[in-house]
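Geometric and topological summary
Listed below are the residues making up each chain.
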Amino acid sequence: MRAIDRRQLGQGLVALSLGVLARPRQLRAAARGRVVIIGGGPGGATVAVMLKRAVPDLTVTLIEPQSHYTSCFYSNHYIGGFLSFDNITNTYAGLTALGIDVVHARATAINAETREVKIEGLPPVAYDRLVVAPGIGIKYDSIEGYGEAASEVMPHAWSGGHQSRLLRERLVAMEDGGLVVIAAPRNPYRCPPGPYERACLIANYLQRDKPRSKVLILDAKMAFSKQAVFEEAFAKYYKDVIELRLTNDLDDMAVARVDPATGEVVTKSGETFKAAVANIIPEQTAGEIALTSGLAEAGGWCPILPESFRSAKVEDVYVVGDATIAADMPKSAFSANSQARAVAGHILADLAGAERPAAAYRNTCWSMLAPDDSVKIGADYAPGDLKGKHALVPSNSFISQTGESAALRKETYEESLAWYRTLTDDIFAKSASARLPNGRRG
Ligand code: FAD
């Protein structure tokens, strides 16, 4: 690594922590160092954009196999027919316009000794600091009969793009009167309210297009996020459509076995259901590269230091987003973006040997229940003592209540749409791609 100008990196850090994206000429002139980022979702892409905007001369490489990012967040709106596939698809043009080196390939290994990342089909790339943000891996073997091939017939639709499209296509192709089975996993998993929002938006689609059809949720848990407002919505809008079967002391409703050839879905307590469309959401882990690089614990998720999201296991590596163990902070795009902003500040401080900015994180998860009716849950998080452990401690938490007025729910719905727009503008630097000569937008 060439010498780092600590003063100018420090300036970048201050600009970044204040949310100021100014580019003083001195900053452009001096900063040196190579940051490599694995994964171009809300976690990885945000780190890349924040770093490059704060210190344009920093060498930032983003490794991401997909040329487009179709988000999981708001994929339920697509599956329910409220948004198009294009509406939730983003490009990396904004990152490229900022000068980030976007490499469309898969990272296959991390060598922490030589500080190199191996990339499929390309020479390895060296790093001074590495960010690992690979999202989740699906635990296919947690359900008998399930696997990658079965997921083409019984999609999990818990990773964006192809899987979301499969589920939408199967719903559209289903005959009226069919049973849609949603298998919801045990905690922890990506987007805790996701299966229930999905049930609402699928039910809404069925009411419009296939009114004799039903949705059955087989849940491996006894309770779930925003349960009161979801159950209120099931009763208010989808009384004869959605049936929720939670695990209880007598019945374990976790899906134990599936047969993609017959559509059979069998619970641990032995009940069998014949699905016209099965949406099987298995248990999850951190993305594979985190597992094979020694970043994860036995449970399959990556421990981090709450102050910085530095890996608790491998030096000079940060882990961001769904792959981490972030205490009560939900695995969401909002969380990943918030963590990534802090990580960018920490990397600049780290490289400059400067004081680190105080860590503070935030999350809000919106869920759409029906047109013009959305609810939300959220909190702030900071490092501290949580039940005797040093972790992320929530404060200022809030949650939508049952019985809220239609006007408030509509406001929440509009707020959620505005959030999607501003978040994806931020993650994918769309204002930068808007400046491309051909006018193409990211
Ligand atoms: P990802 O978004 O999964 O990004 C990881 C990236 O890493 C991927 O692009 C992948 O291709 C890449 N990658 C993986 N392995 C490698 C490798 N070896 N080499 C290079 N690249 C690699 N969140 C919200 O905040 N609000 C919502 O309303 C919301 N709704 C949701 C609804 C559903 C149905 C689902 C499933 C999720 C929802 N989420 C929501 C959660 C949100 O999608 C995730 O929390 C978020 O995508 C996590 O970001 P990430 O960057 O950690 O991972």
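Thresholds applied
- Residues numbered from 1 in each chain as written.
- Predicted model: local features only at pLDDT ≥ 70, side-chain atom pairs only at ≥ 80, totals over all residues.
- Heavy atoms only, no water.
- Helix = DSSP H or I, 4+ residues; strand = E, 2+ residues; numbered from the N terminus.
- Rg over C-alpha atoms; globule rule 2.2 N^0.38 Å.
- Buried < 20%, exposed > 50% of the residue type's maximum accessible area, 1.4 Å probe, protein only.
- Contact = heavy atoms within 4.5 Å.
- Areas by Shrake-Rupley, 256 points an atom, 1.4 Å probe, with all protein chains shown as cover.
- Lys, Arg positive; Asp, Glu negative; His and termini not counted.
- Charge placed at Lys NZ, Arg CZ, Asp CG, Glu CD.
- Pairing = 2+ DSSP bridges.
- Axes fitted to C-alpha atoms, helices over the stretch in contact; angles between N-to-C directions.
- Phe/Tyr/Trp six-rings, centres within 6.5 Å; stacked < 30°, edge-to-face > 60°.
- Near = heavy atom within 4 Å.
- Polar contact = N/O pair within 3.5 Å; in protein donor to acceptor, adjacent residues only side chain to side chain.

A few points about the overall build of the chain
A tally of helices and strands in the chain yields 13 helices and 25 strands. The C-alpha atoms of the chain give a radius of gyration of 22 Å, which matches the 22 Å a tight globule of 442 residues would have. With the principal axes as the frame, the chain shows a C-alpha extent of 65 × 50 × 45 Å. Out of the 442 residues in the chain, the part that is buried amounts to 57%. Of the contacts formed within the chain by residues at least 6 apart in sequence, a portion of 66% connects residues at least 24 apart. As displayed, the chain offers around 18300 Å² of accessible surface, 49% of which is attributable to carbon and sulfur atoms. One finds the centroid of the 49 positive side-chain charges in the chain at a distance of 7 Å from the centroid of its 49 negative side-chain charges.

Let's talk about the sheet that holds strand E12 (residues 214-219)
Spatially, E13-E12-E11-E17 is the arrangement adopted by the four strands of the open sheet, whose pairing is parallel. Each edge of the open sheet is held by one strand with a lone partner, namely strand E13 (242-246) and strand E17 (277-280). Looking at each pair of strands side by side, their axes are set apart by 15° on average, direction ignored. Of the pairings in the sheet, the one linking E12 to E13 comprises five bridges and is parallel in character. Residue pairing across strands places Asp-219 opposite Leu-246, the latter belonging to E13. Packing against the sheet, helix H9 (residues 227-237) makes contact with E12 and E13, and its axis sits at approximately 145° to E13.

Overview of the sheet that holds strand E24 (residues 373-386)
Strands sit in the order E23-E24-E25 across an open sheet of three strands; the sheet is antiparallel. The sheet terminates laterally at strand E23 (361-370) and strand E25 (389-399), the two strands that pair on one side only. Strand-to-strand twist of the sheet, defined as the mean angle between neighbouring strand axes without regard to direction, takes the value 25°. Relative to E25, E24 runs antiparallel, the two being bridged by nine bridges. Its bridge partner lying in E25, Tyr-381 is registered against Pro-394.

A word on unusual backbone geometry
Omega for the bond connecting Asn-187 with Pro-188 falls within 30 degrees of zero, at -5°, which places this linkage in the cis form. With respect to the secondary-structure elements, Pro-188 resides in the loop between strand E11 (179-184) and helix H8 (194-209). Of note in the backbone geometry, Lys-226 takes a positive phi value of approximately 55° without being a glycine. One can find Lys-226 in the loop between E12 and H9. Given a relative accessible area of 3%, Lys-226 falls into the buried group.

Description of the packing of aromatic side chains
Across all of its chains, the model carries 18 aromatic pairs by this definition. Ring centres 5.5 Å apart and planes at 50° place the aromatic pair Phe-73 and Tyr-420 in the tilted group. Taken together, the residues Phe-73 in the loop between strand E3 (68-70) and helix H4 (75-79) and Tyr-420 in helix H12 (residues 406-427) connect sequence positions 347 residues apart. Neither residue differs from the other here; Phe-73 and Tyr-420 are each classed as buried. Taking the centre distance of 5.7 Å and the plane angle of 45° together, the rings of Tyr-237 and Tyr-238 count as tilted. For Tyr-237, a relative accessible area of 26% corresponds to the partly exposed category.

Details of the site of the ligand
For the ligand, the set of nearby residues contains 35 residues, the closest of which are Glu-64, Tyr-69, Arg-190, Asp-322 and Ala-333. In this structure, an oxygen atom belonging to the ligand sits 2.9 Å away from a main-chain N or O atom of Ala-333. Expressed as a share of its isolated accessible area of 1000 Å², the protein-covered part of the ligand is 95%. Those elements that place two or more of their residues in the shell around the ligand are helix H3 (42-54), H4 and helix H11 (333-352). It is H11 that provides the largest number of residues to the shell around the ligand, a total of three residues.

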